[in-house]
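The residues making up each chain are set out below.
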Amino acid sequence: MDNLSAFFAMGGYAGYVWPTYILAVVVMAVLLIASVRSAHANERDLEAAQSLRPSRRRRNNPSAASAEPGAEEVPQA
Amino acid sequence: MHRFANPARFLRIAAIIQPWAMAVAALSFAAGLWFSLFASPADYQQGETVRIMYIHVPSAWMGMFCYTAMAVFSAMGLIWKHPLADLMARATAPVGAAFTFICLVTGSLWGKPMWGTWWVWDARLTSMLILFFLYLGYMALADAFDDPERGQKAAGILALVGVVNVPVIKWSVDWWNTLHQPASVVKMGGPAIDATMMVPLILMAVAFKAYWILVLIFRTRSEIAGAKLRTLRMAQVHAAGQAE
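Before going into details, it helps to say that this report is about the structure given with it. Positions within a chain are numbered from 1, following the residues in the order the chain's sequence is written. Whichever chain is written first becomes A and whichever ligand is written first becomes 1, with later ones labelled in order. Local features in this predicted model are restricted to residues of pLDDT 70 or higher, and side-chain atom pairs are both shown and tallied only at a pLDDT of 80 or more, whereas totals for entire chains, interfaces and linings draw on every residue. Values shown for side chains rest on all heavy atoms present in the structure; no hydrogens or waters enter the calculation.

**Describing the packing of helix H2 (residues 14-52) of chain A against helix H1 (residues 7-37) of chain B**
Interhelical geometry of H2 of chain A versus H1 of chain B gives an angle of 175 degrees and a closest axis separation of 13 Å. Accordingly, the angle class assigned to the pair H2 of chain A and H1 of chain B is roughly antiparallel. Along the contact surface, H2 of chain A presents Trp-18, Tyr-21 and Val-25 of chain A, while H1 of chain B presents Phe-29, Leu-33, Ser-36 and Leu-37 of chain B. Each residue is assigned to one of three groups, with Ala, Val, Leu, Ile, Met, Phe, Trp, Tyr, Cys and Pro labelled nonpolar, Asp, Glu, Lys and Arg labelled charged, and all others, Gly among them, labelled polar. For the contact of H2 of chain A with H1 of chain B, the class distribution of residues is six nonpolar, one polar and no charged. Axes, fitted as lines to C-alpha atoms, cover a helix only where it is in contact. Angles between the N-to-C directions of the axes lie from 0 to 180 degrees. Under the scheme used here, helices are H or I runs from DSSP no shorter than 4 residues and strands are E runs no shorter than 2 residues, and both carry numbers assigned from the N terminus. Just so you know how the angles are binned, under 35 degrees is roughly parallel, over 145 roughly antiparallel, 65 to 115 roughly perpendicular, and the rest oblique. Throughout, a contact is declared for two residues whenever any of their heavy atoms are within 4.5 Å.

**Observations concerning the layout of surface pockets**
Residues and elements named next belong to chain B. Considering only enclosed or pocket space, the largest pocket measures out at about 920 Å³ in volume. Note on definitions: the grid is 1 Å and covers protein atoms alone; a cavity is a set of points where a 1.4 Å probe fits but cannot get out; a pocket is an open set with protein on both sides within 12 Å along at least five of seven lines; lining residues have an atom within 4 Å of a point. Lining the largest pocket we find 39 residues, and of these His-56, Val-57, Trp-110, His-180 and Gln-181 sit closest to its centre. Broken down by secondary-structure element, the contributors of at least two residues to the lining of the largest pocket are helix H2 (53-80), helix H3 (83-115), helix H4 (123-142) and helix H6 (165-175). When residues of the lining of the largest pocket are assigned to their parent elements, the largest contribution, eight residues, is made by H3. A breakdown of the residues in the lining of the largest pocket according to their chemical character gives 26 nonpolar, 10 polar and three charged. Of the voids in this model, the second largest pocket is the one considered here, and its volume is about 760 Å³. Lining the second largest pocket we find 26 residues, and of these Pro-83, Asp-86, Pro-148, Glu-149 and Arg-230 sit closest to its centre. Looking at the lining of the second largest pocket, the elements with two or more residues in it are H2, H3, helix H5 (148-162) and helix H7 (195-243). Counting residues per element, the lining of the second largest pocket draws most heavily on H7, which supplies seven residues. Of the residues assigned to the lining of the second largest pocket, the class counts are 11 nonpolar, four polar and 11 charged. Grid points are joined across faces, edges and corners, and a volume is the space filled by probe spheres set on the points.

Laid out in structure tokens, this is it:
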């Protein structure tokens, strides 16, 4: 128990050492989580938009596309 | 290098690297924490505050490394018009800014007990603060235009101009009289610090580097999907305009 409190006391420098480690962990965790969430959100949106998109062949052939007006009406997700 | 400019190829390679980067980052960070907090001695002069070094110094290395990487990616984007290089420069900026921020704040937390001051306008500290502002300027400029390509170009030029600051940071402690100590790890004649302190320092440096790779992958994936989404929506607007 003494060992543990000595460890947390950091030789009297607890107020400097612990904030250092807490800051590093918090900043790195926040950036990582934000990056993962942004990647997943954008990839999900892209997939949703692509599944609504008319097929590539039809897109390259305007006459076929206009024959099916419904295919062009993609809701703005 | 052109072989890597293809986003599909990037995504394939990234999918392979991602789990490894995650494993290396997690393991070396855990080991680094163990060595820096438990299994390393207190300094004979600085006492337990020496443990701040294991976060502060690798963060400073990352701040400079990320900026250099960002400048190289920006140069590739500007010269060869690699869209992927531009996206990777954008993806690196927040990582560099985060590590520079950690470096500055932990430096303050170390300076107070050891130097008796939170901050001093010495060459090393000031050039590091300028690095932080360069990151903020880059990120603001990259998003400041409606046309992302123009923003990317302006930000890329800023990244290249600002790269002169990196050697200034590195040698500031030799060129000027600074309160900050000179280099003790990477120097002629070998490192001036003990192996027991070298182990946590290296582990943390490895962990931070792997962390950068991991975040770079996620942010570049996000940028690629975002760019495709923009193109797709633009094509839809265009098609809708033609249909009328």
